[in-house]
Amino acid sequence: MTQLFNTSSSERLNQFLSTRNFKREFEKLTPDASTREYFRIRSNGKTLVACLYPGPFDQTLPQIDVTKLFLTCGLPVARIIEIDYTLGVILQEDFGDRILRELLETADPNKRDELTDRAISLIARIQHATPRAVELESIASKLKFDEEKLFWELTFFRKHYFESLRKMKLDEYLEDGLTKEFTQLSREIEGYARVLTHRDFHAANLMVDDRQELKIIDHQDARLGSIAYDLVSLLLDRINEAPASNWLIARKRVFLSEREKLGLHLVDTDDFDYEFDLVTVQRCLKAIGTFSNQAANAGKRHYIRFIDPMFSVVLKACQNLDKYPVTQRVIKGILN
């Protein structure tokens, strides 16, 4: 296990800057649900971002590996400027403060669709990088959403939604039923793990720079997964209401078209709809678990507003699949 630092992040950053030609002036940037801390520093009239890990690391750090992979494949992630392995610091490009999620919230419907479709095209480009990930022996090609990982995330959901947030315990029948259904779901989704995924591709992990170009952040956990995984995350993560069916259909078709443009294997639309619904159930329950944990254990109550809308899309996906009756029963009890 990595040894954690005893000194504060600010002290380490001051130490990092003092040995380099940088002013010791920085501002802390607000992380989301990360163990890393981010600071903006100034250098020769420009700004850079310092990412501080909770402990020292070496060259096998996934952020270093995956950044190299993405840049090699022409994907828009921040270039790494400098690394201090001992202090646990990565200095990288600064993409600014304009988060795609915030732009989507204020844009008119046409602009929202245009920005969303541009983000969708990035998902196709990430998937197009799969052979390169294998060729470079990237860590992202050696990890995948397997049954163990998927089931762990669903167990995390069950623990933190019911126990941490709701302070309740399910009866034995429902506990056993969810375990069986979550096992079946995890096993089936593992069979679709065949392309490179970002793993957390939602609108809060996309930036818009000064030239109005989309930039990808928080990509260090990339791994092999379903072709639907990042799309589900983009379209259904952190929603305030379930999206309209026709809008969702249109975005799926944009995605399949973008894949086709890149020469990726063709996917039957009915087969893709089935895979999309499977992933929706798992990914959205996983996200609800994260939100519940953050709300109950980290005091970030703003996440609560996303939970019921995401339960609604999970229920709809279960009904589309005509599967997981215990999961449906539990969610209906929550929403009614």
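Keep in mind that what you see is a predicted model, and the values were worked out from it rather than measured.

Draft legend 1. Representation of the overall build of the protein. Each helix and strand counted, the protein has twelve helices and nine strands in total. The C-alpha atoms of the protein give 21 Å as radius of gyration, which agrees with the globular expectation for 336 residues (20 Å, within 12%). For the protein, the C-alpha atoms occupy an extent of roughly 60 × 50 × 40 Å along the three principal directions. Going through the 336 residues of the protein one by one, you find that 51% of them count as buried. Taking contacts inside the protein between residues at least 6 apart in sequence as the whole, the part at least 24 apart equals 72%. Total accessible area on the protein is roughly 16,300 Å²; 48% of this is exposed by carbon and sulfur atoms. Charged side chains of the protein number 48 positive and 51 negative; the gap between the two group centres comes to 3 Å.

Draft legend 2. Looking closely at helix H8 (residues 229-236). Most of H8 sits out of view: eight of its eight residues are buried. Of all the residues in H8, the buried ones are Tyr229, Asp230, Leu231, Val232, Ser233, Leu234, Leu235 and Leu236. Positioned one or two residues after H8, Arg238 has a phi angle of 60°, which is positive.

Draft legend 3. Quick peek at the pattern of salt bridges. Using the criterion set out here, one finds 31 salt bridges in the structure. With a shortest N-O distance of 3.5 Å, Glu105 and Arg101 are connected by a salt bridge. Placement of the pair is Glu105 and Arg101 together in helix H3 (residues 100-106), with a separation of four residues, close to one helical turn. The exposure class assigned to Glu105 is partly exposed, which follows from its relative accessible area of 49%. Arg283 is the partner of Asp200 in a salt bridge, and the nearest nitrogen-oxygen pair spans 3.0 Å. One end of the pair, Asp200, is in the loop between strand S6 (195-197) and strand S7 (206-208); the other, Arg283, is in helix H10 (residues 269-297), and 83 residues separate them in sequence. Classification of Arg283 as buried rests on a relative accessible area of 2%.

Draft legend 4. Spotlight on the side chain of Glu153. Mapped onto the elements, Glu153 comes out in helix H6 (residues 147-165). Since its relative accessible area comes to 2%, Glu153 is described here as buried. There is a polar contact of 3.2 Å between the side chain of Glu153 and the side chain of Arg199. Aside from chain neighbours lying at most four places away, what touches Glu153 is Phe145, Arg199, Tyr229, Gln282 and Lys286.

Draft legend 5. Here's a closer look at empty space enclosed by the protein. According to the stated counting rule, one finds one cavity of 30 Å³ or more in the structure shown. Quantified by volume, the largest cavity comes out at close to 40 Å³. If you go around the largest cavity, the residues you meet are Phe157, Phe162, Leu178, Phe182, Leu285, Phe311, Thr327, Val330, Ile331 and Ile334. Within the residue set of the lining of the largest cavity, elements represented by two or more residues are H6, helix H7 (172-190) and helix H12 (325-335).

Draft legend 6. Expanded view of unusual backbone geometry. Its identity is not glycine, yet Asp218 carries a phi of approximately 55°, on the positive side. With respect to the element layout, Asp218 can be found in the loop between strand S8 (214-216) and strand S9 (223-225). Residue classification places Asp218 among the partly exposed residues on the basis of a relative accessible area of 23%. Unusually for a residue other than glycine, Arg238 sits at a positive phi of about 60°. Tracing the sequence through the fold places Arg238 in the loop between H8 and helix H9 (245-261).

Draft legend 7. Structural view of the packing of helix H11 (residues 307-321) against H12. Following both chains from N to C, one finds H11 and H12 inclined at 145°, their axes separated by 10 Å at the closest point. Two packed elements cross with a definite hand, and for H11 against H12 that hand is left-handed. On the side of H11, the interface is formed by Asp308, Phe311, Ser312, Val314, Leu315, Cys318 and Gln319, while H12 contributes Thr327, Gln328, Ile331, Lys332, Ile334 and Leu335. Taken together, the residues of the contact of H11 with H12 break down into seven nonpolar, four polar and two charged.

Draft legend 8. Region of interest: the side chain of Arg251. Position of Arg251 among the secondary structure elements: in helix H9. Beyond its immediate sequence surroundings of up to four residues, Arg251 is in contact with Asp113, Thr116, Asp117, Ile120 and Leu235.

Draft legend 9. Highlighting the packing of H6 against H10. Running from amino to carboxyl end, H6 crosses H10 at an angle of 40°, the nearest separation of the two axes being 8 Å. Classified by the angle their axes make, H6 and H10 are oblique. Crossing of H6 over H10 shows left-handed handedness. Along the contact surface, H6 presents Leu150, Glu153, Leu154, Phe156, Phe157, His160, Tyr161, Ser164 and Leu165, while H10 presents Gln282, Leu285, Lys286, Ile288, Gly289, Thr290, Ser292, Asn293, Ala295, Ala296 and Asn297. Class assignment for the residues of the contact of H6 with H10 results in ten nonpolar, eight polar and two charged.

How each quantity is defined
Residues numbered from 1 in each chain as written. Predicted model: local features only at pLDDT ≥ 70, side-chain atom pairs only at ≥ 80, totals over all residues. Heavy atoms only, no water. Helix = DSSP H or I, 4+ residues; strand = E, 2+ residues; numbered from the N terminus. Rg over C-alpha atoms; globule rule 2.2 N^0.38 Å. Buried < 20%, exposed > 50% of the residue type's maximum accessible area, 1.4 Å probe, protein only. Contact = heavy atoms within 4.5 Å. Areas by Shrake-Rupley, 256 points an atom, 1.4 Å probe, with all protein chains shown as cover. Lys, Arg positive; Asp, Glu negative; His and termini not counted. Charge placed at Lys NZ, Arg CZ, Asp CG, Glu CD. Salt bridge = Lys/Arg side-chain N within 4 Å of Asp/Glu carboxyl O. Polar contact = N/O pair within 3.5 Å; in protein donor to acceptor, adjacent residues only side chain to side chain. 1 Å grid on protein atoms, 1.4 Å probe; cavity = no way out; pocket = protein on both sides within 12 Å on 5 of 7 lines; lining within 4 Å. Points joined across faces, edges and corners; volume = space filled by probe spheres on them. Axes fitted to C-alpha atoms, helices over the stretch in contact; angles between N-to-C directions. Left-handed = near helix turned anticlockwise from the far one by under 90°. Nonpolar A, V, L, I, M, F, W, Y, C, P; charged D, E, K, R; others polar. Parallel < 35°, antiparallel > 145°, perpendicular 65-115°, else oblique.

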